[in-house]
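# Observations on the model geometry
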Amino acid sequence: MFDRVFKLLTAFVFAVLTVSAAGCLDHSAASRYDQEVQPPADDALHARIDAIIQYTLNQRMMNTSDQAAWQIVHGLEAYGRDLKISAAGETVGALEYLFQGRPLKGWNLRPGDHGVIAIQEPGSKTGQGHPDQWLGYLSQCGVKLDDKLVVGGKDYRVKDLLTQAQWDIFDGMEATWTLMAAIAWLPLDAKWQAKDGTTWTIERIVKMEADQKIGEGGCYGSHRLYALSLAVNRYMHETGLTPKQLKGPWQVALGKITQAKSLVREYQQNDGTISTALFAGPSKSNELGAKLYAGGHTLEFLAVALTPDEIDEPWVTLAVSRLCDQMEAMKEVAPDCGALYHGAHGLMLYRDARFGKTTKPFPQTAAQ
């Protein structure tokens, strides 16, 4: 009798646990998020985003004593010519200050054999941390190739940074920011020769970047996915091809983008917060800085990768609302400038894609 009762109880407990486990794995809209979490109304979210963008631009002025090129160039990616900094007590345009060759820690440029070299200082958080990082971010903020650039007291042009990058490219390098610049400034069918004698094209850079694993590269691969999204968007726009018609490296790139979008949604926390492990798995943190870092970097990618239908989905709206929470909560502190300005840039890209273009001179578009 005891054995029979024990077996019945065991079966009952097993059944309860099975139902509970099934509920945990249910990603339906009804069970995926905390019950009290609701996407905000569009007008309220739009107003919130605008306020955060303006606050970050106008109330967080950097200066040349406390900040270096690494921080200021991140600010430029978001705000371009609108970004002001303080230099020796004077308020100046950040871009003009750098391009005039005025002194700033980490802004280390020198003449090269095919243009201008931005010296790489990996991990310094003052100078350029990745190959062509300055070039890539400048390409995103309305800078023109013919803009004058003073290096060592001599006049050059921004295009001299690009021609040097084209000359220095090689197989196996991290070319994320090189791709950003190439897709922003070069014809889609551009061809050039690198110093090792090989011929390069934008498609070849796309292949090299798309062949990397999701999660690898700068900031857990978020910048690579952003650059690939820009490239695929432009390629489809100029060729008129649909996603199903893509072939070769373009098809591989779109596959990685699609997979990464799915992972972001799968790993999103129950309150809508983006996983602090980005594309690696579900993860959460009580640290605002970690949430801001993950949310900002991820939204930059999503804003240019999501289709118009996808960007309207509630899970995206919730993620953006949580990023707004984090940006607002850090108003009185000085967060890492990379996280801060990627967050601001992500919100700007999302705002333009979701609510329509602003008068900013350098909007990015979501995939069509």
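Along each chain, the written sequence defines residue order, and numbers are assigned to residues from 1. Where local features are concerned, this predicted model is filtered to residues with pLDDT of at least 70; where side-chain atom pairs are given and counted, the filter is 80 or more; whole-chain, interface and lining totals use all residues. To obtain the side-chain values, all non-hydrogen atoms of the structure were used and water was disregarded.

### What about the overall build of the protein chain?
The helix and strand inventory of the protein chain stands at 15 helices and nine strands. We call a residue buried when its accessible area falls under 20% of the maximum for its residue type, exposed when it is over 50%, and partly exposed in between, using a 1.4 Å probe and counting protein chains only. The buried share of the protein chain, reckoned over its 368 residues, is 52%. Element-wise, carbon and sulfur atoms account for 54% of the exposed surface of the protein chain, whose accessible area totals about 17300 Å². Working definition: helices are DSSP H or I runs of at least four residues, strands are E runs of at least two. Numbering for both runs from the N terminus. In these tables, accessible area is a Shrake-Rupley quantity obtained with a 1.4 Å probe, and a residue counts as shielded only by the protein chains included in the view.

### As for helix H9 (residues 202-210)
Along H9, the positions that sit buried rather than exposed are Ile 202, Ile 205, Val 206, Met 208, Glu 209 and Ala 210. A contact between two residues is defined here by any heavy atoms of the two lying within 4.5 Å. Where H9 is buried, its residues meet helix H8 (176-185), strand S8 (191-193), strand S9 (199-201), helix H10 (222-239) and helix H11 (248-267).

### With respect to the side chain of Asp 160
Within the element layout of this structure, Asp 160 appears in helix H7 (residues 158-168). Nearest to the buried, unbridged Asp 160 among oppositely charged side chains is Arg 157, at 6.5 Å. For Asp 160, the residues in contact, after removing those within four places along its chain, are His 114, Gly 115 and Val 116. Lys and Arg are tallied as positive, Asp and Glu as negative. Neither His nor the chain termini are counted. By convention in these notes, a salt bridge is any Lys or Arg side-chain nitrogen within 4 Å of a carboxyl oxygen on Asp or Glu.

### Let's talk about the nonpolar core
If you look at the biggest cluster of nonpolar residues, it comprises 109 residues, and the most contacted ones within it are Tyr 79, Leu 98, Phe 99, Trp 107, Val 320, Leu 347 and Tyr 350. In contact with Leu 98, other than residues within four places in its own chain, are Ile 72, Val 73, Leu 76, Leu 104 and Trp 107. Nine residue types can take part in a nonpolar core, namely buried Ala, Val, Leu, Ile, Met, Phe, Trp, Tyr and Cys, and a core is a set of them joined through side-chain atoms within 4.5 Å.

### Examining the pairing of strand S4 (residues 109-112)
A pair of strands counts as paired when DSSP detects no fewer than two bridges linking them. As paired strands, S4 and strand S5 (residues 115-118) are joined by four bridges and run antiparallel to one another. Each bridged residue has a counterpart across the sheet, and for Arg 110 the counterpart in S5 is Ile 117. As consecutive antiparallel partners, S4 and S5 are separated by two residues.

### Here's the deal with the packing of H8 against H10
Contact geometry for H8 and H10: axes closest at 9 Å, N-to-C directions at 25°. Our classification of the angle between H8 and H10 gives roughly parallel. Taken as a pair, H8 and H10 cross one another with a handedness that is left-handed. Here Thr 176, Trp 177, Leu 179, Met 180, Ala 182 and Ile 183 of H8 lie close against H10, whose contacting residues are His 223, Arg 224, Tyr 226, Ala 227, Leu 228, Leu 230, Ala 231 and Arg 234. Gly counts as polar in this scheme, as do all residues outside two lists: the nonpolar Ala, Val, Leu, Ile, Met, Phe, Trp, Tyr, Cys and Pro, and the charged Asp, Glu, Lys and Arg. Of the residues belonging to the contact of H8 with H10, the class tally is ten nonpolar, two polar and two charged. Angles shown run from 0 to 180 degrees and are taken between the N-to-C directions of axes, each axis being a line fitted to C-alpha atoms and, for helices, limited to the stretch in contact. When describing relative orientation, an angle under 35 degrees is termed roughly parallel and one over 145 degrees roughly antiparallel, while 65 to 115 degrees is termed roughly perpendicular and anything else oblique. In a left-handed crossing the near helix is turned counterclockwise from the far helix by less than a right angle, and in a right-handed crossing that turn is clockwise.

### Quick notes on the packing of aromatic side chains
Only rings of Phe, Tyr and Trp enter the pairing, Trp through its six-membered ring, and a pair is recorded when the two centres are within 6.5 Å. The plane angle decides the type: under 30 degrees is stacked, over 60 is edge-to-face, the rest tilted. According to the stated counting rule, one finds seven aromatic pairs in the structure shown. When the centroid spacing of 6.3 Å and the interplanar angle of 25° are considered together, the rings of Trp 107 and Trp 134 count as stacked. Of this pair, Trp 107 sits in the loop between helix H5 (94-99) and S4 while Trp 134 sits in helix H6 (residues 133-138), and the two are 27 residues apart along the sequence. Their ring planes at 80° and their centres at 6.0 Å tell us that Phe 279 and Phe 301 sit as a pair that is edge-to-face.

### Some remarks on the layout of surface pockets
Of the pockets and cavities examined, the second largest pocket occupies roughly 350 Å³. Lining the second largest pocket are 19 residues, with Ile 117, Ala 118, Pro 131, Asp 132 and Asp 168 sitting closest to its centre. The greatest single-element share of the lining of the second largest pocket, amounting to four residues, is contributed by H7. In the lining of the second largest pocket, the residues fall into twelve nonpolar, three polar and four charged. Only protein atoms enter the 1 Å grid used here. Points where a 1.4 Å probe fits but cannot escape make up a cavity, open sets with protein on both sides within 12 Å along at least five of seven lines make up a pocket, and a residue lines them when an atom lies within 4 Å of a point. Grid points are joined across faces, edges and corners, and a volume is the space filled by probe spheres set on the points.

### What about the pairing of strand S3 (residues 90-93)?
Here strand S2 (residues 84-87) pairs with S3 via four bridges, running antiparallel. Its bridge partner being in S3, Ile 85 is matched across the sheet by Val 92. Turn length for the S2-S3 hairpin, with the two strands adjacent in sequence and antiparallel, is two residues, and the turn residue Ala 88 shows positive phi of about 55°.

### A few points about H8
The buried fraction of H8 amounts to nine of the ten residues, a majority that puts the element mostly inside the structure. Here H8 has its buried residues at Thr 176, Trp 177, Thr 178, Leu 179, Met 180, Ala 181, Ala 182, Ile 183 and Trp 185. In the core, the buried residues of H8 are packed alongside H6, H7, H9 and H10.

### Quick look at unusual backbone geometry
Unusually for a residue other than glycine, Lys 125 sits at a positive phi of about 60°. Here Lys 125 shows up in the loop between S5 and H6.

### A look at the side chain of His 345
One can find His 345 in helix H15 (residues 337-355). According to the relative accessible area criterion, His 345 is buried, its value standing at 2%. If we ignore the near neighbours within four places in the chain, the residues touching His 345 are Glu 77, Ala 78, Tyr 226 and Glu 300.

### Some words on the pattern of salt bridges
Within this structure, the stated rule accounts for 19 salt bridges. Its salt-bridge partner being Arg 322, residue Asp 325 comes within 2.7 Å of it at the nearest N-O pair. Of this pair, Asp 325 and Arg 322 are both found in helix H14 (residues 314-329), three residues apart, which corresponds to roughly one turn of the helix. One salt-bridge network, in which partners are shared between bridges, spans Arg 48, Arg 322, Asp 325 and Glu 328.

### Regarding the confidence of the model for the protein chain
Residues of the protein chain with pLDDT of at least 70 account for 87%, and the chain-wide mean is 88. Confidence of the predictor at the level of single residues is captured by pLDDT, which takes values from 0 to 100. In this model residues 1-31 is a low-confidence stretch, pLDDT under 50, and it forms two contacts with partners more than four residues away in sequence or in other chains.

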